Amino acid sequence: MRVGILISGRGSNMTALIKAAKDPDYPAEIVVVISNRPDAAGLDSARQEGIAAISIDHKQFDSREAFEDALHNELLAHKVEMVACAGFMRIMTSGFVKKWQDRMLNIHPSLLPAYKGLHTHERALKDGAKTHGCTVHYVIADLDAGPIIMQAEVPVLAGDTADSLAKRVLAEEHRIYPLSLAKAINKLS
Ligand code: GAR
């Protein structure tokens with residue numbers, strides 16, 4: 001299945017997906033990486049892996065819809081069949097989400113439905129949560145609310161900072177995103 005990855009920054013989850021897809025038995029081929037931020041470090045990492053990497057700067061568009069039209073057209077131009085959001089920090093309209101229904105995944109750094117939105121690690125620490133983690137889910141119009149494909153839990157340790165906790169969660173993100181994408185693809189075919 002031809003997969004496009006959407007990023008906004010570092011792209012470490014993107015790299016995990018690209019690495020997984022190098023296995024000939026993996027059911028996805030990563031055909032394009034698109035960032036809404038031209039300065040995203042992940043664009044260079046993708047190019048180093050020989051993957052087409054494009055930026056579509058949302059600031060160059062008058063409306064969310066116009067940006068999403070450009071994004072959609074670029075995905076179609078690369079014959080993308082499934083989209084993996086990997087640190088893509090734009091809220092999407094329901095019109096765009098509908099176009100990719102059951103074919104767009106997102107990874108979120110919390111055990112959803114806990115801690116939707118931003119600053120998840122800080123909020124978990126502030127609450128004194130004993131466990132934290134990450135979730136891969138289908139994208140629906142409501143933010144961070146789509147059907148869950150997979151979750152991974154990590155302990156919150158005494159003395160954790162947002163950074164140390166984020167690092168522990170990120171290692172699990174890199175493990176479960178490739179597994180979740182394969183699972184979602186196998187469900188379609
Ligand atoms: C990841 O932790 C991902 O879960 C999070 O952004 C980070 C991106 O890192 N996504 C969200 O917060 C989405 N709301 P990466 O660019 O290294 O993959």
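Residues numbered from 1 in each chain as written. Predicted model: local features only at pLDDT ≥ 70, side-chain atom pairs only at ≥ 80, totals over all residues. Heavy atoms only, no water.

S.K.: Before we go on, may I ask you to explain the pattern of salt bridges in this structure?
M.R.: When charged atoms on two side chains of opposite charge get close, those side chains can pair. Enumeration according to the criterion identifies 6 salt bridges in this entry. The closest approach of N and O atoms between Glu 49 and Lys 22, which form a salt bridge, is 2.6 Å. With Glu 49 in the loop between helix 2 (41-48) and strand 3 (52-55) and Lys 22 in the loop between helix 1 (12-21) and strand 2 (29-35), the pair connects residues that are 27 residues apart, well separated along the chain. What makes Lys 22 exposed here is its relative accessible area of 51%. The residue Lys 99 makes a salt bridge to Asp 69 at a minimum N-O spacing of 3.8 Å. Taken together, the positions of Lys 99 in helix 4 (residues 94-99) and Asp 69 in helix 3 (residues 64-77) put the pair 30 residues apart, joining distant regions of the chain. (Salt bridge = Lys/Arg side-chain N within 4 Å of Asp/Glu carboxyl O. Helix = DSSP H or I, 4+ residues; strand = E, 2+ residues; numbered from the N terminus. Buried < 20%, exposed > 50% of the residue type's maximum accessible area, 1.4 Å probe, protein only.)

S.K.: How should the packing of helix 1 against helix 6 (residues 162-188) be read in this particular structure?
M.R.: At their nearest, the axes of helix 1 and helix 6 sit 9 Å apart, and the two run at 45° to each other. Between helix 1 and helix 6, the angle is such that the two are oblique. The chirality of how helix 1 crosses helix 6 is right-handed. For the pair formed by helix 1 and helix 6, the contact residues are Ser 12, Asn 13, Ala 16, Leu 17 and Ala 20 on the first element and Leu 170, Glu 173, His 174, Tyr 177, Pro 178 and Leu 181 on the second. For the contact of helix 1 with helix 6, a count of residues per class yields 7 nonpolar, 3 polar and 1 charged. (Axes fitted to C-alpha atoms, helices over the stretch in contact; angles between N-to-C directions. Parallel < 35°, antiparallel > 145°, perpendicular 65-115°, else oblique. Left-handed = near helix turned anticlockwise from the far one by under 90°. Contact = heavy atoms within 4.5 Å. Nonpolar A, V, L, I, M, F, W, Y, C, P; charged D, E, K, R; others polar.)

S.K.: Would you mind showing me how to read the packing of aromatic side chains here?
M.R.: The geometry of an aromatic ring pair comes down to the distance between the two centres and the angle between the two planes. Tallying each qualifying case throughout the model produces 1 aromatic pair. Ring geometry for Phe 61 and Phe 67: centres 5.9 Å apart, planes at 65°, overall edge-to-face. On the basis of relative accessibility, which here comes to 27%, the residue Phe 61 falls in the partly exposed class. The class for Phe 67 is buried, based on a relative accessible area of 4%. (Phe/Tyr/Trp six-rings, centres within 6.5 Å; stacked < 30°, edge-to-face > 60°.)

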